[in-house]
Amino acid sequence: MTACSEPKPTFSAIDITGADYARDFALTDHNGQPRSIKDFAGKVVVMFFGYTQCPDVCPTSMAELAEVKKLLGKDGERLQGLFVSIDPQRDTPEVLKAYMANFDPTFLALYTTPEKLEALAKDYKVYYKKVDGKTPTSYTMDHSAGSYVYDTQGKLRLFTRYGSGAPALAADIKLLLKNS
């Protein structure tokens, strides 16, 4: 290491800079707009996979992300929250739009077809599985519960585990914004 090099930032989340997966996506947002990571240039993107019927992990994760945005103050406008549905059967655009309104008006819910979702989940190393309930529509979804964090250039940088807390994620996002 030379005296002139910048010290590498130390993140609370898992630093996955340079990972060869989860580089981009082609999804539709709850307003019907096609989206990819390039649409959010200049913003730090936090991407979470879940479903609207989730009783705990998903709403907690999205509420935590809304809290992160508040903790960022004026930099909060440089944060883009994305919620990717793993339940295309029940999560229609209308349901997704109503769900996102519970958290932050700037956050977007994204969806795709079941076939494309399978490939996307594989690319993102996301686990999800339908678990039958008492009736055909009362099923739940088992799923992994972390978030992917992209820097302002759309490069995958961090993986944050469920329950890491809003202050830790806000601090990591501040580092990403400072170094962009």
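For the structure given in this document, a descriptive report is provided here.

Overview of the overall build of the protein chain
Now for step 1: Secondary structure summary: the protein chain contains 4 helices and 10 strands in total.
Now for step 2: Across the protein chain, helices and strands are ordered from the amino to the carboxyl terminus as β-β-β-β-α-β-α-β-α-β-β-β-β-α.
Now for step 3: Computed over its C-alpha atoms, the radius of gyration of the protein chain comes to 16 Å, within 12% of the 16 Å expected for a compact globule of 180 residues.
Now for step 4: Reported as C-alpha extents along the three principal axes, the dimensions of the protein chain are approximately 65 × 30 × 30 Å.
Now for step 5: In the protein chain, buried positions account for 46% of the 180 residues.
Now for step 6: Here the contacts in the protein chain between residues at least 6 apart in sequence split such that 71% fall between residues at least 24 apart.

Some thoughts on unusual backbone geometry
Now for step 1: One non-glycine residue with positive phi stands out, namely Ala22, at about 55°.
Now for step 2: For Ala22, the position within the fold is in the loop between β1 (14–15) and β2 (27–29).
Now for step 3: For Ala22, a relative accessible area of 0% gives the class buried.
Now for step 4: Of note, Lys125 is a non-glycine position whose phi angle comes to about 55°, a positive value.
Now for step 5: Overall, Lys125 belongs to the exposed group, its relative accessible area being 57%.

Observations regarding the packing of aromatic side chains
Now for step 1: The final tally for this structure, using the stated rule, is 6 aromatic pairs.
Now for step 2: Between the aromatic rings of Phe83 and Tyr99, the centroid separation amounts to 5.2 Å while the plane-to-plane angle is 50°, which identifies the pairing as tilted. Of this pair, Phe83 sits in strand β5 (residues 79–85) while Tyr99 sits in helix α2 (residues 93–100), and the two are 16 residues apart along the sequence. As far as burial versus exposure is concerned, Phe83 and Tyr99 are alike and both buried.
Now for step 3: Three or more aromatic residues link up through ring pairs in this structure, and these residues are Phe48, Phe83, Tyr99 and Phe103.
Now for step 4: When the ring centre of Tyr21 is taken as reference, the NZ or CZ atom of Lys125 above it lies at 4.6 Å.
Now for step 5: The cationic tip of Lys130 hangs over the ring face of Tyr139; the distance from NZ or CZ to the ring centre is 4.2 Å.

Concerning the sheet that holds β2
Hydrogen bonds between backbone atoms are what pair the strands of a sheet, whose relative direction is either parallel or antiparallel.
Now for step 1: Taken together, 8 strands build an open sheet; the order of strands is β1-β10-β9-β4-β5-β6-β2-β3 and the sheet is mixed. With partners counted over all chains shown, the strands left at the sheet margins are β1 and β3 (34–35), one partner each.
Now for step 2: Taken together, the 4 bridges between strand β4 (residues 44–50) and strand β9 (residues 147–150) define a ladder with antiparallel strand orientation. Counterpart to Val46 in the pairing with β9 is Val149.

Notes on the pattern of salt bridges
As a working rule, side chains carrying opposite charge can pair if their charged atoms are close by.
Now for step 1: Taken as a whole and judged by the stated rule, the model has 5 salt bridges.
Now for step 2: Linking Asp87 and Arg90 is a salt bridge whose minimum nitrogen-to-oxygen distance equals 2.7 Å. An identical accessibility class is assigned to Asp87 and Arg90; each is buried.

With respect to the packing of helix α1 (residues 57–71) against helix α4 (residues 166–178)
Now for step 1: Packing of α1 against α4 brings their axes to within 9 Å, and their N-to-C directions diverge by 55°. The angle between the axes of α1 and α4 places the two elements in the oblique class. Like other packed secondary-structure pairs, α1 and α4 cross with a definite hand, here right-handed. Of the residues in α4, those in contact with Glu64, Leu65, Glu67, Val68 and Leu71 of α1 are Ala166, Pro167, Leu169, Ala170, Ile173 and Lys174.
Now for step 2: Here the residues of the contact of α1 with α4 are counted per class, giving 8 nonpolar, no polar and 3 charged.

What counts, and at which threshold
- Residues numbered from 1 in each chain as written.
- Predicted model: local features only at pLDDT ≥ 70, side-chain atom pairs only at ≥ 80, totals over all residues.
- Heavy atoms only, no water.
- Helix = DSSP H or I, 4+ residues; strand = E, 2+ residues; numbered from the N terminus.
- Rg over C-alpha atoms; globule rule 2.2 N^0.38 Å.
- Buried < 20%, exposed > 50% of the residue type's maximum accessible area, 1.4 Å probe, protein only.
- Contact = heavy atoms within 4.5 Å.
- Phe/Tyr/Trp six-rings, centres within 6.5 Å; stacked < 30°, edge-to-face > 60°.
- Lys NZ or Arg CZ within 6 Å of the ring centre and 35° of its normal.
- Pairing = 2+ DSSP bridges.
- Salt bridge = Lys/Arg side-chain N within 4 Å of Asp/Glu carboxyl O.
- Axes fitted to C-alpha atoms, helices over the stretch in contact; angles between N-to-C directions.
- Parallel < 35°, antiparallel > 145°, perpendicular 65-115°, else oblique.
- Left-handed = near helix turned anticlockwise from the far one by under 90°.
- Nonpolar A, V, L, I, M, F, W, Y, C, P; charged D, E, K, R; others polar.

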